[in-house]
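# Reading the structure
The residues making up each chain are set out below.
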Amino acid sequence: MTKEQKKKHATKLLNRYDAMRKELRKLEGDLHKAVREYAMADGCYVGMTKDTFRNHLQMEKERLEREAV
């Protein structure tokens, strides 16, 4: 691979990376909004984040598994 080919390859990857980051930022915004709306509908809004929502889902899953036994 020549120096110019390496530069083109690196540029292509950088552009792809930038596009993915842009998409991720939008997805994070959508996720934040959805979690906030869920928390408010559930009556437990105290600053729920995607991480606390993930914990909430895990605890609910574990509770359902215990009840199934």
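Look up: the structure comes first, before these words.
Residues numbered from 1 in each chain as written. Predicted model: local features only at pLDDT ≥ 70, side-chain atom pairs only at ≥ 80, totals over all residues. Heavy atoms only, no water.

### Focus: the overall build of the protein chain
Our working definition: Secondary structure elements are taken from DSSP: a helix is a run of H or I of four residues or more, a strand is a run of E of two residues or more, and numbering for both begins at the N terminus. All radius of gyration figures rest on C-alpha atoms, and the globule criterion is 2.2 Å times the number of residues raised to 0.38. Each residue gets one of three labels from its accessible area relative to the maximum for its type: buried under 20%, exposed over 50%, partly exposed in between, using a 1.4 Å probe on protein chains only. Computed by Shrake-Rupley with a 1.4 Å probe, the accessible areas treat only the displayed protein chains as cover when residues are assessed. Charge assignment in this entry is limited to Lys and Arg as positive and Asp and Glu as negative, and neither His nor the chain termini are counted. In this description, the location of a charge corresponds to atom NZ of lysine, CZ of arginine, CG of aspartate or CD of glutamate.
On a plain count of helices and strands, the protein chain comes out with 2 helices and 0 strands. Scaling as 2.2 N^0.38, a compact globule of 69 residues should have a C-alpha radius of gyration of about 11 Å, whereas the protein chain reaches 21 Å, well beyond that. Looking at the protein chain as a whole, 4% of its 69 residues qualify as buried. For the protein chain, the computed accessible surface area is about 6500 Å², with 58% contributed by carbon and sulfur atoms. Between the centroid of the 17 positive side chains of the protein chain and the centroid of its 12 negative side chains there is a distance of 12 Å.

### Observations regarding the pattern of salt bridges
Cut-off, in case you're wondering: For salt bridges, the criterion is a side-chain nitrogen of Lys or Arg within 4 Å of an Asp or Glu carboxyl oxygen.
Under the defined criterion, the tally for this structure stands at 4 salt bridges. Put simply, K50 and D51 hold a salt bridge, and the shortest N to O gap is 3.6 Å. By relative accessible area, K50 is classed as partly exposed at 39%. Classification of D51 by relative accessible area gives partly exposed; the value is 37%. Between E67 and R63 there is a salt bridge; the shortest N-O distance is 2.9 Å.

### Here's the deal with the environment of D51
Which entries qualify depends on this criterion: Under this definition, polar contacts are N or O atom pairs within 3.5 Å; protein pairs additionally need one hydrogen-donor-capable and one acceptor-capable atom, and for neighbouring residues in sequence, both atoms have to be side-chain atoms.
Mapping D51 onto the fold places it in helix α2 (residues 50–68). For the pair D51 and V35, spaced 16 residues apart in sequence, the C-alpha separation works out to 9.8 Å. Within polar-contact distance, the side chain of D51 engages the side chain of R54 at 3.0 Å.

### Remarks on the packing of helix α1 (residues 3–42) against α2
As a reminder, the rule being used: Axis angles are defined between N-to-C directions and span 0 to 180 degrees, where every axis is a line fitted to C-alpha atoms and, for a helix, only to the segment in contact. Under this scheme an angle from 65 to 115 degrees is roughly perpendicular, one under 35 degrees roughly parallel, and one over 145 degrees roughly antiparallel; angles in between are oblique. By definition, turning the near helix anticlockwise from the far helix through less than a right angle yields a left-handed crossing, and turning it clockwise yields a right-handed one. Throughout, a residue-residue contact means that at least one pair of heavy atoms, one from each residue, lies within 4.5 Å. Charged means Asp, Glu, Lys or Arg here, nonpolar means Ala, Val, Leu, Ile, Met, Phe, Trp, Tyr, Cys or Pro, and polar covers whatever is left, Gly included.
One way to put it is that α1 packs onto α2 with a least axis distance of 10 Å and a crossing angle of 55°. One element, α1, and the other, α2, form an angle in the oblique class. For α1 against α2, the interelement crossing comes out left-handed. Residues L31, V35, Y38 and D42 of α1 touch α2, and the partners they reach there are K50, F53 and H56. A per-class count over the contact of α1 with α2 returns 4 nonpolar, 1 polar and 2 charged.

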